[in-house]
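# Examining the three-dimensional arrangement
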Amino acid sequence: MFLFSQLGCSKNGYDSTKITHRPRIFVEGGAPIPIIDEYDISGTKLGSFSDIFSPNKEGRIYGIWIGLDRRAAMTLQKETANRIGRSLSLVVNGTVVGIHPIESTITNGFIPFMFAHRKTEEEIYAFYSKLELSVRHINLELQNQRN
């Protein structure tokens, strides 16, 4: 039985040991229950915002774009429509790593989070690599559970 479950997991590339980061999204001032959890996230991208007050490379502010599945995108639209003026927090393993101020209803299912604390470029890339790998394997885990 164990061999069969191992073969089933490896068939689609799922490896639970590669899930080191479990991202969740909370609303500032809301219940301590995430509105979006790791199973709602379809992908991540790393990007940067320009710091208009800094002319050099160190003035870059990095962020992570979180893409949601269709059901979670509809939940996000409803939640952000009712909470303009608050912020969303990206929490990974119990630590707030990113912030997104809700300025309007988010209708496209993508959320850009600015990192809550300045980090070096190396720290950002290391964190993002682990997050992206974790999200990929969480998606494979979910796909494996559905089959």
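Residues numbered from 1 in each chain as written. Predicted model: local features only at pLDDT ≥ 70, side-chain atom pairs only at ≥ 80, totals over all residues. Heavy atoms only, no water.

### Examining the overall build of the chain
Stated formally: Secondary structure follows DSSP: runs of H or I at least 4 residues long count as helices, runs of E at least 2 residues long count as strands, and numbering of each begins at the N terminus. A 1.4 Å probe rolled over the protein chains alone gives each residue an accessible area, and that area as a share of the maximum for its type sets the label: buried under 20%, exposed over 50%, partly exposed in between. What makes two residues a contact is simply this: any of their non-hydrogen atoms within 4.5 Å. Computed with a 1.4 Å probe, the accessible areas rest on the Shrake-Rupley method; for each residue, only the protein chains presented here act as cover.
Across its full length, the chain carries 3 helices and 6 strands. In the chain, the succession of α and β elements from N to C terminus is α-β-β-β-α-β-β-β-α. Counting the 147 residues in the chain, one finds 37% classified as buried. Of all intrachain contacts in the chain linking residues separated by at least 6 positions in sequence, the fraction that spans at least 24 positions is 62%. As presented, the chain carries roughly 9,000 Å² of accessible surface, and 55% of it is formed by carbon and sulfur atoms.

### Thoughts on the packing of aromatic side chains
Basically, it comes down to this: Aromatic contacts are taken between Phe, Tyr and Trp rings whose centres are within 6.5 Å, Trp giving its six-membered ring; a plane angle under 30 degrees counts as stacked, one over 60 as edge-to-face, and the others as tilted.
Applying the stated criterion across every chain yields a total of 2 aromatic pairs. For the pair Y62 and Y125, a centre-to-centre distance of 6.4 Å together with 65 degrees between the ring planes defines the contact as edge-to-face. With a gap of 63 residues between them, Y62 in strand β3 (residues 61-68) and Y125 in helix α3 (residues 121-146) connect regions that are remote in the sequence.

### Focus: the side chain of T44
Relative to the elements of secondary structure, T44 occurs in strand β2 (residues 41-49). The residues contacting T44, other than those within four sequence positions of it, are I64, W65, I66, Y128, L131, E132 and V135.

### Things to note about the sheet that holds β3
The line we're drawing: Should DSSP find at least two bridges between two strands, the strands are regarded as paired. Helix axes use the C-alpha atoms of the stretch in contact, all axes being lines fitted to C-alpha atoms, and the angles between their N-to-C directions lie in the range 0 to 180 degrees.
The strand order β1-β4-β5-β6-β3-β2 describes an open sheet built from 6 strands, whose pairing is antiparallel. The sheet is open, and its two borders are formed by β1 (23-27) and β2, each paired with just one other strand. Going across the sheet, the axis of each strand differs from the next one's by a mean of 30 degrees, ignoring polarity. Sheet analysis places β1 next to strand β4 (residues 87-92), joined by 5 bridges and oriented antiparallel.

### A few points about the side chain of H137
Its place among the elements puts H137 in helix α3. Given a relative accessible area of 7%, H137 falls into the buried group.

### Let's talk about the nonpolar core
Heads up, the rule is: We call a set of buried residues a nonpolar core when its members are Ala, Val, Leu, Ile, Met, Phe, Trp, Tyr or Cys and they connect through side-chain atoms within 4.5 Å of each other.
The biggest cluster of nonpolar side chains holds 25 residues, and the ones touching the most others in it are I25, I66, L68, L88 and I111. At the level of elements, β1, β3, α2 (70-81), β4, β6 (110-115) and α3 are the ones that each hand at least two residues to this core.

### Considerations on the confidence of the model for the chain
To keep it simple, the criterion reads: pLDDT gives the predictor's per-residue confidence on a scale running from 0 to 100.
The predicted model of the chain has a mean per-residue pLDDT of 86, with 85% of residues at 70 or higher. Across the chain, the element-wise mean pLDDT spans from 44 in helix α1 (residues 2-11) up to 96 in β4. In this model, residues 1-9 is a region of pLDDT below 50 whose contacts with residues beyond four sequence positions or in other chains number 3 contacts.

### So, α2
Heads up, the rule is: What a helix should span is 1.5 Å times the count of its residues minus one. The arc refers to the directions leading from the helix axis to the C-beta atoms.
Taking 1.5 Å as the rise per residue, α2 with 12 residues should run 16 Å; its terminal C-alpha atoms sit 17 Å apart, in good agreement. A72, A73, L76, E79 and T80 are the residues of α2 that are buried. Each buried residue of α2 lies within a common arc of 130 degrees when the element is viewed along its axis, so the set occupies one face. Residues R70, R71, M74 and K78 are exposed on α2 and point more than 90 degrees away from its buried face. Looking at the buried side of α2, the elements it contacts are β3, β4 and β6.

### Section: the environment of T95
Inspection of the secondary structure assignment puts T95 in strand β5 (residues 95-101). Through-space distance from the C-alpha of T95 to that of R24 is 10.0 Å; in sequence the pair is 71 residues apart.

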